[in-house]
Amino acid sequence: MDIMYKSTRSDAAKITASQAILKGLSPDGGLFVPEKIPALDKSLAQLAEMSYQETAYEVMKLYLTDFAEEELKGCIQSAYDEKFDTKLIAPIRKAGGAYYLELFHGATIAFKDMALSILPHLMTTSAKKNGVKNEIVILTATSGDTGKAALAGFADVPGTRICVFYPKGGVSAVQEKQMVTQTGDNTHVIGIHGNFDDAQTGVKNIFGDKELAAKMDAAGFQFSSANSINIGRLVPQIVYYVYAYGQLLKQGEIAEGEKINVCVPTGNFGNILAAYYAKLMGLPIGKLLCASNENKVLYDFFGTGVYDRNREFILTSSPSMDILISSNLERLIYRATGEDQAACASLMRSLSENGKYEVTDEMKKALADFCGLTASEAECFAKIRSLYETEGYVIDTHTAVAAASLDKYVKATGDQTKTVIASTASPYKFCRAVMTAIDDANADKEDFALIDDMERISGVVIPPAIEQIRTAPVRHNTQCDKTEMKQAVCQWLGV
Ligand SMILES: *Cc1c(COP(=O)(O)O)cnc(C)c1O
């Protein structure tokens, strides 16, 4: 059966998966959602025997129904190859009573690689299928990790260009160095004077600018997005939850059909939404534990039904989660309204005009699968240290938000359900914060001295992504104000 995609905000015409991937965002400002969530058509026992690539095909074929089998398999083979440092692609490590699903074994050592290593292939295949002649210009706002993963994915891909906006001063030193050293003639990186929400809003405004779109078209360009608002990002993220369940079953850690919880360190709500879609497809998932850092808008939302971004933006040591407007929550809100586009549009209008909205009691019931959690900086640092001391396992600062939150949840509820924690970044990417958590005395050391120390204490070899930036020259040093993003794009493209 063909699955078509529609907007969360209006009854505009339905489009195919490949068209939704090309567009990124709906012209009405809404996000594309599948008109129905497909059910898994393989048994859990069958899935347990599959490789990552085979699992990817079984999940993605159900959503990208206008892709031919060989097209989709081609995309999967090109994405999940030696760019990953393990054949398992996403291995599971049991530690401290939880299962850490390591999603950071790709080229840029954060979970964004899971989707961004396949998105360029999905995008160019979609362009071919739809007879697109224009060059595709990817605009991406990043809180630190998406930017590098998207740059690496799209660098020198024919028929595409990519521009990344990151908050200058709002990302880790390693994250910034990774981006500004990016090679590839079609890449562009801009540090904006503003935070991630400003970058994301700026990009959304550029997408919504009809006059600019016409000018672009005349010059042979069209925009698309590599942010997790693109369905081509969301669908590949469902895969690893299905794969994780299969692996746990295969290893005898769980019985067939046994429910597991998942705990996800959350920012833009893309990763945990993918887990929710996996649950709706029939994967036995109990609770979806949504862990926030000190920017705990989502924790407050799940607790009270009020989403309120009117608060101080806090810079934490988990910068990829320093977000007050979680874009993908709109897809959950849409579902909770009973797929009522007008109701969803009205809540989102309230968010953009007043910075807040409140859901009805009826909608709250539809959110009951989720539980909002939060952990402070001190709690995260304590967790990193204790896990290292008891298990010799070193986790990154984002994963620590989930792990520390989970400890509090288990203590408060007594819920003993086995839990998969989405481990979203290599600790090398946030080396300074992690090493300081383990020992305060590390605060005074140089970045690369700390990296060498981390290798010694963790026993994990320094990944190539880190070795590369030791010596790589800076290639990008453009900066602009948050109000000048459109001009910066036009200047870069010469339109
Ligand atoms: C992007 C990111 C997150 C947040 O993921 P969302 O899908 O935006 O909720 C968490 N941790 C790391 C390391 C990330 O890069």
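Each remark here, short or long, concerns the structure printed above.
Because the structure is predicted, anything quoted here is derived from the model rather than measured.

Conventions we followed
Residues numbered from 1 in each chain as written. Predicted model: local features only at pLDDT ≥ 70, side-chain atom pairs only at ≥ 80, totals over all residues. Heavy atoms only, no water. Pairing = 2+ DSSP bridges. Helix = DSSP H or I, 4+ residues; strand = E, 2+ residues; numbered from the N terminus. Axes fitted to C-alpha atoms, helices over the stretch in contact; angles between N-to-C directions. Salt bridge = Lys/Arg side-chain N within 4 Å of Asp/Glu carboxyl O. 1 Å grid on protein atoms, 1.4 Å probe; cavity = no way out; pocket = protein on both sides within 12 Å on 5 of 7 lines; lining within 4 Å. Points joined across faces, edges and corners; volume = space filled by probe spheres on them. Nonpolar A, V, L, I, M, F, W, Y, C, P; charged D, E, K, R; others polar. Near = heavy atom within 4 Å. Polar contact = N/O pair within 3.5 Å; in protein donor to acceptor, adjacent residues only side chain to side chain. Areas by Shrake-Rupley, 256 points an atom, 1.4 Å probe, with all protein chains shown as cover. Sits in = over half its atoms within 2 Å of the grid points. Parallel < 35°, antiparallel > 145°, perpendicular 65-115°, else oblique. Left-handed = near helix turned anticlockwise from the far one by under 90°. Contact = heavy atoms within 4.5 Å. Buried < 20%, exposed > 50% of the residue type's maximum accessible area, 1.4 Å probe, protein only.

**Student:** Help me understand the sheet that holds strand 13 (residues 370–374), please; the structure alone is not making it clear to me.
**Tutor:** Each strand in a sheet pairs with another by means of backbone hydrogen bonds, the pair being arranged parallel or else antiparallel. Read from one edge to the other, the open sheet built from 6 strands follows the order 3-4-14-9-10-13, with strand pairing classed as mixed. Here the strands that pair on one side only, and so sit at the sheet edges, are strand 3 (92–95) and strand 13. Neighbour-to-neighbour, the strand axes of this sheet turn through a mean angle of 25°, independent of strand direction. The pairing of strand 9 (residues 260–265) with strand 10 (residues 285–292) spans 5 bridges and is parallel. Note that in strand 10 the partner of Val-264 across the bridge is Cys-290.

**Student:** Help me understand the pattern of salt bridges in this model?
**Tutor:** A side chain of one charge can pair with a side chain of the opposite charge when the charged atoms of the two come close. Going through the model one piece at a time under the given rule, you end up with 30 salt bridges. Close ionic contact of Asp-300 with Lys-296 constitutes a salt bridge, the shortest N to O distance being 3.4 Å. Its salt-bridge partner being Arg-470, residue Glu-467 comes within 2.9 Å of it at the nearest N-O pair. Of this pair, Glu-467 and Arg-470 both sit in helix 21 (residues 464–471), separated by 3 residues, roughly a single helical turn. Residues joined in a network through salt bridges with shared partners are Asp-41, Lys-42, Glu-58 and Lys-61.

**Student:** Could you clarify how one ought to interpret the layout of surface pockets in this entry?
**Tutor:** Where empty space is left can be seen by rolling a probe of water-molecule size over the atoms. Taken as a whole, the largest pocket spans an internal volume of roughly 1,000 Å³. Lining the largest pocket are 39 residues, with Leu-25, Gly-29, Lys-204, Phe-207 and Gly-208 positioned closest to its centre. Breaking the lining of the largest pocket down by element, the ones donating at least two residues are helix 1 (17–23), helix 9 (196–207), helix 10 (210–218), strand 8 (221–225), helix 14 (329–336) and helix 15 (341–354). Considering every element that reaches the lining of the largest pocket, the biggest residue donor is helix 9, with 6 residues. Class assignment for the residues of the lining of the largest pocket results in 16 nonpolar, 13 polar and 10 charged. Computed from the structure, the second largest pocket encloses a volume of approximately 390 Å³.

**Student:** Explain the site of the ligand here, please?
**Tutor:** Contacts to the ligand come from 15 residues, most closely from Lys-112, Asp-145, Gly-267, Asn-268 and Thr-424. Within the side chain of Lys-112, one N or O atom sits 2.6 Å away from an oxygen atom of the ligand. In the model, an oxygen atom of the ligand is placed 2.8 Å from a nitrogen or oxygen of the Gly-267 main chain. In isolation the ligand exposes 380 Å². Once the protein is present, 98% of that is buried. Comparing atom positions with the cavity grids shows the ligand to sit within the largest cavity. Each residue belonging to the shell around the ligand can be placed in one class, and the counts come to 5 nonpolar, 8 polar and 2 charged.

**Student:** When you look at the packing of helix 3 (residues 52–63) against helix 11 (residues 231–250) in this model, what are you seeing that I'm missing?
**Tutor:** Packed helix pairs are characterised by how far apart their axes lie and by the angle those axes make with each other. Here helix 3 crosses helix 11 at 130°, and the two axes come no closer than 9 Å. In this view, helix 3 runs oblique relative to helix 11, as classed from their interaxial angle. Taken as a pair, helix 3 and helix 11 cross one another with a handedness that is right-handed. Residues Tyr-52, Thr-55, Ala-56, Val-59, Met-60 and Tyr-63 of helix 3 form the contact with helix 11, whose own contacting residues are Val-235, Pro-236, Ile-238, Val-239, Tyr-240, Val-242 and Tyr-243. Across the contact of helix 3 with helix 11, the residue classes tally to 12 nonpolar, 1 polar and no charged.

**Student:** Sorry if this is basic, but what is going on with the pairing of strand 8 here?
**Tutor:** For a regular strand, the rule is simple: side chains alternate between the two faces of the sheet. Buried residues dominate strand 8, accounting for 4 of its 5 residues. As paired elements, strand 5 (residues 135–141) and strand 8 share 5 bridges and run parallel to each other. When the sheet's bridge partners are listed, Ile-138 is paired in strand 8 with Ser-224.

**Student:** Would you take a moment to explain empty space enclosed by the protein for this structure?
**Tutor:** One pass over the structure, following the stated rule, counts 3 cavities of 30 Å³ or more. Space inside the largest cavity adds up to approximately 270 Å³. Taken together, 26 residues make up the lining of the largest cavity; nearest its centre are Phe-111, Lys-112, Gly-267, Asn-268 and Ser-320. Among the secondary structure elements, those contributing two or more residues to the lining of the largest cavity are helix 7 (145–154), helix 11 and helix 12 (270–280). Here the lining of the largest cavity is built from residues that sort into 9 nonpolar, 14 polar and 3 charged. Estimates place the volume of the second largest cavity at around 60 Å³. Forming the walls of the second largest cavity are Val-33, Pro-34, Ile-37, Tyr-277, Arg-331, Tyr-334, Arg-335 and Glu-339. By residue number, the principal contributor to the lining of the second largest cavity is helix 14, which donates 3 residues. For the lining of the second largest cavity, a count of residues per class yields 5 nonpolar, no polar and 3 charged.

In short, the description is geometric, and any link to function would need to be established separately.
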